[in-house]
Amino acid sequence: MTGLPTEPYYKVRRRQLIARGIVALCGTLAVLAGVYGIDRLRGNPADAACRPAVNTAAKIAPLVHGEVAALTLAQRPFLVPDAAFKDAAGHDRKLADWRGRTVLLNLWATWCVPCRKEMPALDALEADLGGPNFEVVAVNIDTRDPEKPLAFLKDVGIKHLAYYSDASARVYEDLKTAGKAFGMPTTLIVDRAGCEIGNMAGPAEWASPDGVKLVSAAISSQ
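Residues numbered from 1 in each chain as written. Predicted model: local features only at pLDDT ≥ 70, side-chain atom pairs only at ≥ 80, totals over all residues. Heavy atoms only, no water.

Undergrad: Can you help me understand the nonpolar core in this one?
TA: Here is a general trend for soluble globular proteins: nonpolar side chains tend to be buried in one another's company. In terms of nonpolar packing, the biggest core is built from 57 residues, with Leu 104 and Trp 206 touching the most fellow members. A per-element tally of this core places helix α7 (residues 209–220) first, with six residues. Setting aside residues no more than four positions away along its own chain, Leu 104 makes contact with Leu 122, Leu 125, Phe 134, Glu 135, Val 136, Val 137, Thr 187, Leu 188, Ile 189, Trp 206 and Val 215. (Core = buried A, V, L, I, M, F, W, Y, C linked by side-chain atoms within 4.5 Å. Buried < 20%, exposed > 50% of the residue type's maximum accessible area, 1.4 Å probe, protein only. Helix = DSSP H or I, 4+ residues; strand = E, 2+ residues; numbered from the N terminus. Contact = heavy atoms within 4.5 Å.)

Pasting the structure below:
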């Protein structure tokens, strides 16, 4: 009696290897999903919300020169971390409180000499453009004497900036972790949806004609 033909060993072995490869690939994808989050494999849901900010950055690119030449414009969508800090009355605030308004978020400290020199320009910019559609949100990150930054602002005649502070400096660390803070001062232009239009490491003459034109264009381009 003749038996059924036996499948060659090499074909059986090849099938086994392919099956093992598929199992290994599935395991790798599962690990990636666990490490990076399934949303990263599917695409960041913030991309659609922040795409307009990238478009705004492209529109204002010709204005990035002179006193604001150091601004780095957003080239990909980035939702700015919802920074937490306190206002002058000690109330908790978050960056999300400014949704619907363009924000120039500035982190500063009294021990930072460029920050101190920049503050009058930020105050003047707020006086010029501040209103329902825009605010300079300058957050102090001094971690020791809470009275020192208030005394400094009074001494240099700051009148238009609201006072915000984060004695833990967590707001800076969050931006640093996200690759958006490389030193002090750190400044981000944030659109109405909370997305980055551009960021700058170091000071700028924000109240100069170059600065005012740039920020005005960022506000009106949304």
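Undergrad: Looking at this structure, I do not really get helix α4 (residues 113–129). What am I missing?
TA: Within an α-helix, residues lying three or four positions from one another point in the same direction, as the helix has 3.6 residues per turn. With 17 residues, α4 ought to run about 24 Å at 1.5 Å a step, and its terminal C-alpha atoms sit 25 Å apart, in line with that. Roughly 35° is the biggest bend found in α4, and it falls at Met 119, with proline Pro 120 one to four residues downstream. Those residues of α4 not exposed but buried are Cys 115, Glu 118, Met 119, Ala 121, Leu 122, Asp 123, Leu 125 and Glu 126. Along its buried surface, α4 packs onto β4 (102–108), β5 (134–140), α5 (147–155), β7 (186–190) and α7. (Expected span 1.5 Å × (residues − 1). Bend = angle between axes of the 7 residues up to and from the residue.)

Undergrad: Just checking my understanding: could you explain the state of the cysteines for this structure?
TA: Simply put, disulfide is the name for a covalent bond between the sulfur atoms of two cysteines. Scanning the model with the defined rule gives two disulfides in all. Disulfide pairing is shown between Cys 50 and Cys 195; the S-S distance is 2.1 Å. Handedness here is read from the sign of the S-S torsion; for Cys 50 and Cys 195, about -70°, the answer is left-handed. Remark: Cys 195 occurs in the loop between β7 and β8 (196–201) and Cys 50 occurs in helix α3 (residues 46–60); sequence separation between them is 145 residues. Of the two residues, Cys 50 and Cys 195, neither departs from the other in class, the shared state being buried. (Disulfide = S-S within 2.5 Å.)

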